[in-house]
Amino acid sequence: MKVKDDFNDTEKSKNIHIESSSIIEEIPRNEANCSIRSNNDLFKKIASALFYGSASMMIMFSNKIVLTKYNFASFQALAIGQISISIFLLELFCQFGLIKLSKFDTRTATNMFPLSIFYFGNIYFGLGGTKLINLPMFTVLRRFSILMTMYGEILLLKIKKPISIQLSVYMMIFGTIIAALNDISFNLVGYIYTMINNIFTAGNGILTKKKIDNKKLNEYDLMYYNSLLSLLPMVILSIITNEYEKINSYDRWFDSSFLFFFFLSCLMGLILNYSWMLCTKYNSPLTTAVIGCLKNILVTYFGMFIGGDYRFSNLNFIGLTISSISSIVYSYYTFIARKPKLPNETEKSSVLETCNR
């Protein structure tokens, strides 16, 4: 009997030793998996941010050239062009199997309606502000959307940014105020349009983040429903404001250079929306908003020479520079200082749990 007990104890010890060895061997493998996932996540964050920044910069230049350099009278017609081409290309890509679109559903459309309102306002007031004020001042005023987004994340998504990021946002607003108080070519209507645009941008980013996180709709579905639900109101508004007369009386419809930038602007509408949704998906609404302002560093200074409607002043330039430097500081804390770290030796017991979340 004693011999049998000793044998059982020996077997139990072997089993425990084997299980312990398996766990110890599995920890490095899970650490490696976590490392790969962290690197992939970081790449997606940076790549989507760069894609969005480039697309946003290109559409701002093309919009400004169309609306100011070529003095195209109807920014609403340009908005309709951007929305229409987005719907057409999404349908075309779906027919060729390049993307997948969910079948149109009235319940989904009703659920998407609040987001489409923000999408509509974002396009309408964004293009209106672009036409009425110069690019440097437009980009400066757009930085108020970052502050709105940050507080929106706190209230709706329960996300609070570290104090270093909050301070960089406040410094951007400080530079914005200095630049705005010294704007020689002040345009009240343009300022109002841009500030309303900021509200719609903040709301659009936060609601899009919630829709993407729900996993019920993909990025293409969001773009499709937003465009589809925004097209009819935009057309109705254009009829009410008699935009047809402005379009019909425009005398450069046969100018090849104008047509190039007009269709480029329409095409970039779809590309911008896709890049913006990717950036919002892999980052946060606040990060997307600040990336939009970070690329405005280039837009701000190059914009002084595009459109021909910017008037230089020393204090205005100083304000622009303070806001731009603050954007760089924010980007540092977002993408470098907060890079995901591997679990240390004291955290090995939670490696499996972390990877499986």
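In what follows, the structure referred to is the one given above.
In this text the structure is predicted, and so the values were computed from the model without any measurement. (Residues numbered from 1 in each chain as written. Predicted model: local features only at pLDDT ≥ 70, side-chain atom pairs only at ≥ 80, totals over all residues. Heavy atoms only, no water.)

1. Focus: the overall build of the protein
Then, number 1: From N to C terminus, the protein includes 14 helices and 0 strands.
Then, number 2: Helices and strands appear in the protein in the N-to-C order α-α-α-α-α-α-α-α-α-α-α-α-α-α.
Then, number 3: Across the protein, every contact between residues at least 6 apart in sequence was considered, and the portion connecting residues at least 24 apart equals 88%.
Then, number 4: Surface accessibility of the protein: about 18900 Å² in total, with carbon and sulfur atoms responsible for 65%. (Helix = DSSP H or I, 4+ residues; strand = E, 2+ residues; numbered from the N terminus. Contact = heavy atoms within 4.5 Å. Areas by Shrake-Rupley, 256 points an atom, 1.4 Å probe, with all protein chains shown as cover.)

2. Some words on the pattern of salt bridges
Where side chains of opposite charge bring their charged atoms close, a pairing between them can arise.
Then, number 1: For the coordinates displayed, the defined rule picks out 3 salt bridges.
Then, number 2: For K64, the salt bridge is made with D309, and the minimal N-O distance between the two is 2.9 Å. With K64 in helix α1 (residues 2-69) and D309 in the loop between α12 (296-302) and α13 (314-335), the pair connects residues that are 245 residues apart, well separated along the chain.
Then, number 3: Take K64: its relative accessible area is 0%, and that puts it in the buried class. (Salt bridge = Lys/Arg side-chain N within 4 Å of Asp/Glu carboxyl O. Buried < 20%, exposed > 50% of the residue type's maximum accessible area, 1.4 Å probe, protein only.)

3. Here we look at the nonpolar core
Then, number 1: Counting 48 residues, the largest nonpolar core has F72 and M234 as the members making the most contacts within it.
Then, number 2: The set of elements that each furnish at least two residues to this core consists of α1, α2 (75-95), α3 (106-132), α7 (188-213), α8 (219-240) and α10 (256-282).
Then, number 3: Look past the residues within four positions of M234 in its chain and what remains in contact with it is Q76, A79, I80, I83, F120, I123 and Y124.
Then, number 4: Formed by 15 residues, the second largest nonpolar core is a distinct cluster that contains M57, M60, A179 and Y310. (Core = buried A, V, L, I, M, F, W, Y, C linked by side-chain atoms within 4.5 Å.)

4. A few points about the packing of helix α5 (residues 144-157) against helix α6 (residues 163-181)
Then, number 1: For the pair α5 and α6, interaxial distance at closest approach is 9 Å and the crossing angle is 145°. Note that α5 runs across α6; the crossing there is left-handed. Mapping the contact onto sequence places F144, I146, L147, M150 and Y151 in α5 and Q166, V169, Y170, M172, I173, T176 and I177 in α6.
Then, number 2: Partitioning the contact of α5 with α6 into residue classes produces 10 nonpolar, 2 polar and no charged. (Axes fitted to C-alpha atoms, helices over the stretch in contact; angles between N-to-C directions. Left-handed = near helix turned anticlockwise from the far one by under 90°. Nonpolar A, V, L, I, M, F, W, Y, C, P; charged D, E, K, R; others polar.)

5. Looking at α5
Then, number 1: Given a rise of 1.5 Å per residue, 14 residues ought to cover 20 Å, and the 19 Å separating the end C-alpha atoms of α5 matches this to within 8%.
Then, number 2: For α5, the full list of buried residues reads F144, S145, I146, L147, T149, M150, G152 and E153.
Then, number 3: Two residues or fewer past α5, K158 is found with a positive phi of approximately 60°. (Expected span 1.5 Å × (residues − 1).)

6. With respect to the packing of aromatic side chains
Then, number 1: What the rule picks out here adds up to 28 aromatic pairs.
Then, number 2: Ring geometry for F104 against Y225: centres 5.6 Å apart, planes inclined by 20°, an arrangement best described as stacked. Pair noted here: F104 is in the loop between α2 and α3 and Y225 is in helix α8, with a separation of 121 residues, a long-range link.
Then, number 3: Under the relative-accessibility criterion, F104 is labelled partly exposed at 47%. (Phe/Tyr/Trp six-rings, centres within 6.5 Å; stacked < 30°, edge-to-face > 60°.)

7. Let's talk about unusual backbone geometry
Then, number 1: Backbone geometry places N71, a non-glycine residue, at a positive phi of 50°.
Then, number 2: By the secondary structure assignment, N71 is in the loop between α1 and α2.
Then, number 3: We note that N242 has phi near 60°; this positive angle belongs to a residue other than glycine.
Then, number 4: Looking at the secondary structure, you find N242 in the loop between α8 and α9 (243-249).

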